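Per-entry structural report
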Amino acid sequence: MATTTKRKYIESHWLIFGIKGALASIAGLCLILSFSEVDFITRLVGYFMIALGVIELFNVFHRKSKQHAWGIPLAVSIIELFVAATLLFAAVPEFIMNLFPGTDYSQIQGGVLAFRMVVLAIYTLYASVSSIFIAFRSFTNKTDQFIWLMEGMFGAVMAFAMMGENGLDPNTHLRVFGVYLLVKGLTDLIFGVHSKELLETATAEKNAKKLAKKASKK
């Protein structure tokens, strides 16, 4: 029976962070620059969350094939797919009207919009707290620790702005979420590239040691 190695989540393949970072950056820009209707933009976020969840599922399978711990990537994937399903199916007027026949669209429109915004704010807070926790618990490299800590602190500020007492109108709310996605995407890209550089350096040093060891035996 294969033994599972408890490798940290941050030790996932660097492409996972690079691809998710690129997607988040693109989605963030779309939200910031979009002048489409709120319903369309919200669905766009839902599709984006599906993409993130699917990428994280690939991370699960990759880590499992390498006998690395895969519980955290699975949890991340489930949360992202749950947020996507909520935005695309549960938090839509048509779903509620089918669930409760006779419900008037005008009676639930405001509540549905508010619920969608709350879901996004909670997700932002969850992701931000997770980043801060990872920053303090998983890194020895100070550069990477700083990247994740700044991402988490910025996200927490954005989450509290979205959950503010006065509340934001839906368009502004989505743009604030877009700013968070853009910053998160860029920091994930930076981390992915830096992880690749560290991996290449470690591989080169390992190969150099092997060559030196072989040379010493001659």
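Only a predicted model underlies this, so the values are computations on that prediction, with no experimental measurement involved. In every chain, residue numbers begin from 1 and rise along the written sequence. Owing to the predicted nature of the model, reporting of local features is limited to residues with pLDDT of at least 70; listing and counting of side-chain atom pairs is limited to 80 or more, with chain, interface and lining totals taken over all residues. Side-chain measures were taken over the full set of non-hydrogen atoms in the model, leaving aside hydrogen atoms and water.

1. Regarding the overall build of the protein chain
What counts, and what does not: In this description a helix means any DSSP run of H or I spanning at least four residues, a strand means any run of E spanning at least two, and both kinds are numbered starting from the N terminus. Partly exposed describes any residue whose relative accessible area lies between the buried limit of under 20% and the exposed limit of over 50%, with all areas from a 1.4 Å probe on protein chains only and scaled to the type maximum. Contacts are assigned to residue pairs that have any heavy atoms within 4.5 Å of one another. The Shrake-Rupley method, run with a 1.4 Å probe sphere, supplies the accessible areas, and residue values consider only the shown protein chains as cover.
When helices and strands are tallied, the protein chain shows seven helices and zero strands. The proportion of buried residues among the 218 residues of the protein chain is 39%. In the protein chain, the proportion of contacts linking residues at least 24 apart, taken out of those at least 6 apart, comes to 75%. Summed over its atoms, the accessible surface of the protein chain is roughly 12500 Å², and 69% of this surface lies on carbon and sulfur atoms.

2. Side note on the pattern of salt bridges
Here the idea is simple: oppositely charged side chains can pair when their charged atoms come close. For the record, the criterion: Salt bridges are identified by distance alone: a Lys or Arg side-chain nitrogen within 4 Å of an Asp or Glu carboxyl oxygen.
Applying the stated rule across the entire model yields four salt bridges. A salt bridge links D188 to K184; the nearest nitrogen and oxygen atoms lie 3.6 Å apart. In this pair, D188 and K184 both sit in helix α7 (residues 170-217), four residues apart, roughly one turn of the helix. Here D188 falls in the buried class, since its relative accessible area comes to 7%. One continuous salt-bridge network, built from bridges that share partners, spans K20, E56 and E80.

3. A short note on helix α1 (residues 14-33)
To keep things clear, this is the line we draw: Here a helix's expected span is defined as the number of its residues, less one, multiplied by 1.5 Å.
The end-to-end C-alpha distance of α1 is 29 Å, a good match for the 28 Å that 20 residues give at a rise of 1.5 Å each. The set of residues buried in α1 consists of I16, F17, G18, K20, G21, A24, S25, A27, G28 and L31.

4. What to know about the packing of α1 against helix α2 (residues 38-65)
Put simply, the rule is: Axis angles are defined between N-to-C directions and span 0 to 180 degrees, where every axis is a line fitted to C-alpha atoms and, for a helix, only to the segment in contact. Comment on the angle field: the value is read as roughly parallel under 35 degrees, roughly antiparallel over 145, roughly perpendicular from 65 to 115, and oblique elsewhere. Under the scheme applied, nonpolar residues are Ala, Val, Leu, Ile, Met, Phe, Trp, Tyr, Cys and Pro; charged residues are Asp, Glu, Lys and Arg; polar residues are all the others, including Gly.
Between α1 and α2, the shortest axis-to-axis distance is 10 Å and the interhelical angle comes to 180°. Taken together, the axis directions place α1 and α2 in an arrangement best described as roughly antiparallel. Contact residues: α1 offers I16, I19, K20, L23, A24, A27, C30 and L31, while α2 offers I41, L44, V45, F48, A51, L52, I55, E56 and N59. For the contact of α1 with α2, the per-class residue count stands at 14 nonpolar, one polar and two charged.

5. Quick look at the packing of aromatic side chains
Threshold: Pairing of aromatic side chains here covers Phe, Tyr and the six-membered ring of Trp, requires ring centres within 6.5 Å, and sorts the geometry by plane angle: under 30 degrees stacked, over 60 edge-to-face, intermediate tilted.
Scanning all chains against the criterion turns up five aromatic pairs. Aromatic pair F177 and Y180: ring centres 6.3 Å apart, planes at 35°, arrangement tilted. Here Y180 and F177 lie together in helix α7, a separation of three residues that amounts to about one turn. When its relative accessible area of 0% is taken as the criterion, F177 is described as buried. Look at Y180 and you get buried, because its relative accessible area is 0%. Following the ring pairs from residue to residue traces out a cluster consisting of F17, W148 and F191.

6. Here we look at the side chain of S25
Just so we agree on the cut-off: Polar contact is defined as a pair of N or O atoms within 3.5 Å, subject to the rule that within protein one atom must be able to donate a hydrogen and the other to accept it, and that residues adjacent in sequence are counted only when both atoms are side-chain atoms.
Considering the arrangement of structural elements, one finds S25 in helix α1. From its side chain, S25 meets the backbone oxygen of G21 in a polar contact 2.9 Å long.

7. Here we look at α2
With 28 residues, α2 extends 41 Å between its outermost C-alpha atoms, agreeing within 8% with the 40 Å of an ideal straight helix rising 1.5 Å per residue. Following α2 by one or two positions, Q67 has its phi on the positive side, about 60°.

8. Topic: the confidence of the model for the protein chain
Let me state the cut-off plainly: A residue's pLDDT is simply how confident the predictor is in it, with values from 0 to 100.
When pLDDT is averaged across the protein chain, the result is 79; 74% of the residues are at 70 or more. Predicted confidence in the protein chain is weakest over helix α4 (residues 93-99), with a mean pLDDT of 60, and strongest over α1, with 88.

9. A short note on the environment of D188
In this structure, the C-alpha to C-alpha distance between D188 and A24, residues 164 residues apart in sequence, is 8.8 Å. Excluding residues within four positions of it along the chain, D188 makes contact with F17, G18, G21 and E151.

10. Re the nonpolar core
Keep this limit in mind: Side-chain atoms within 4.5 Å link the members of a nonpolar core, which is a set of buried Ala, Val, Leu, Ile, Met, Phe, Trp, Tyr and Cys residues.
By size, the foremost hydrophobic cluster in this structure holds 25 residues, and its most contacted members are V45, F48, M49, Y123, F177 and L181. Looking at this core, the elements that each hand over two or more residues are α1, α2, α3 (71-90), α5 (105-138), α6 (142-162) and α7. Once residues within four sequence positions are removed from consideration, V45 is found in contact with L31, L87, L120 and F177. With seven residues, the next largest nonpolar core counts I134, A135, W148 and F191 among its residues.

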